[in-house]
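Residue-level structural notes
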Amino acid sequence: MGNKSKKLLKDFIEHLDTFYKDLGVFGTTQERQDVAREICNRFYSNLVSLENHLLLKDSLSAALIQRYNHELVVDFYYLLDPSDKENKTEKFFNHSHDSVAREWSTLPSKEKRAFVPPWVADDKGLVSIYKILSNMAHPNIISIRLNRRGKESEYKIIKGAITLCIVEISSCINHKIFRDLFPNISWISVLERNQILHSRAVSFLSEIDT
């Protein structure tokens, strides 16, 4: 099963490589294109980190990366809201690096989630796996004793982390508002490959016994 996860992850990273650099470099305009670039850069880094964690069979760290990636996905949809009536992009870029506050936005995560499209947010299968992985984000009895549950249980966490990240990132790529920010990219071929990998990840995710 490790080879299957490794192949899916490798294929998806290669998929991103076909257009990732065409998103351009970070600019100084502080517009939504730069927000998208910043978040996509994190997406890419998360996947590369997961590739290392798969090699090391580091289940706890893989789950933590997935949790971080999931929260990035929520911010992705929230920040790319086309109306941007709250000047979210401006707040994002002007948040002081010297601030003791970790969050650039005071809006609760629950309210941010309203901007995630329902076909992304309401998949019960994804929610079930996400809840399993969320247990790993805290020093509770489940996460602390994870390595006592056997290799199969640990692999389930890594497999879930990889597939959930791919499902969510591929959904972001498919978001028209995101794609419209980068008209220089030939999205037709990208979307065809993206859908194939998205379907593979969803199918792979359904194999996890929750």
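Residues numbered from 1 in each chain as written. Predicted model: local features only at pLDDT ≥ 70, side-chain atom pairs only at ≥ 80, totals over all residues. Heavy atoms only, no water.

Right, let's talk about the confidence of the model for the chain for a bit. Within the chain, residue pLDDT values average 81, and 74% of them lie at 70 or more. Summarising per-element confidence for the chain, the mean pLDDT is lowest in helix α7 (residues 124-134) (61) and highest in helix α10 (residues 176-180) (95). (pLDDT = per-residue confidence, 0-100. Helix = DSSP H or I, 4+ residues; strand = E, 2+ residues; numbered from the N terminus.)

F43, L47, L50 and F178 are the most contacted members of the largest nonpolar core, which totals 46 residues. Within the residue set of this core, elements represented by two or more residues are α1 (2-17), α2 (32-56), α3 (59-79), α9 (151-173) and α11 (187-206). Ranked by residue count, the leading element in this core is α9, at 10 residues. Not counting residues within four places of it along the chain, the set of residues in contact with L50 comprises L9, A62, I65, A161, I162 and C165. (Core = buried A, V, L, I, M, F, W, Y, C linked by side-chain atoms within 4.5 Å. Buried < 20%, exposed > 50% of the residue type's maximum accessible area, 1.4 Å probe, protein only. Contact = heavy atoms within 4.5 Å.)

Mapped onto the secondary structure, S171 falls in helix α9. A relative accessible area of 14% places S171 in the buried class.

Glancing now at α2. The terminal C-alpha atoms of α2, which comprises 25 residues, lie 36 Å apart, in line with the 36 Å expected from a rise of 1.5 Å per residue. In the stretch just after α2, K57 is the one whose phi turns positive, near 55°. (Expected span 1.5 Å × (residues − 1).)

What follows deals with the packing of aromatic side chains. Here the structure, examined in full by the defined rule, presents eight aromatic pairs. Ring geometry for F43 against F76: centres 6.2 Å apart, planes inclined by 45°, an arrangement best described as tilted. Separated by 33 residues along the polypeptide, F43 in helix α2 and F76 in helix α3 bring together distant segments of the chain. Note on F43: relative accessible area 2%, which makes it buried. (Phe/Tyr/Trp six-rings, centres within 6.5 Å; stacked < 30°, edge-to-face > 60°.)

This part takes up the packing of α2 against α3. Running from N to C, α2 and α3 point in directions that differ by 165°, and their axes come no closer than 10 Å. Relative to α3, the element α2 is oriented roughly antiparallel. Considering the relative orientation of α2 and α3, their crossing is left-handed. Residues R32, V35, I39, R42, F43, N46, S49, L50 and H53 of α2 pack against S61, A62, I65, Y68, N69, L72, V73, D75, F76 and L79 of α3. Residues that form the contact of α2 with α3 fall into these classes: 11 nonpolar, five polar and three charged. (Axes fitted to C-alpha atoms, helices over the stretch in contact; angles between N-to-C directions. Parallel < 35°, antiparallel > 145°, perpendicular 65-115°, else oblique. Left-handed = near helix turned anticlockwise from the far one by under 90°. Nonpolar A, V, L, I, M, F, W, Y, C, P; charged D, E, K, R; others polar.)

Let's shift gears to the pattern of salt bridges. Under the criterion given, the structure shown has six salt bridges. A salt bridge links D11 to K7; the shortest N-O distance between them is 2.7 Å. Of the two residues, D11 and K7 both sit in helix α1, four residues apart, roughly one turn of that helix. Residues D180 and K176 are paired through a salt bridge, measuring 2.8 Å at the closest nitrogen-oxygen approach. With D180 and K176 both in helix α10 and four residues apart, this pair spans about one turn of that helix. Looking at D180, the relative accessible area reads 46%, which means it is partly exposed. Among the charged side chains, a salt-bridge network with shared partners connects K7, D11 and R200. (Salt bridge = Lys/Arg side-chain N within 4 Å of Asp/Glu carboxyl O.)

Residue placement: H175 occurs in the loop between α9 and α10. Separated by 58 residues in sequence, H175 and P117 have C-alpha atoms that sit 9.2 Å apart. Not counting residues up to four positions away in its chain, the partners in contact with H175 are F76, Y77 and P117.

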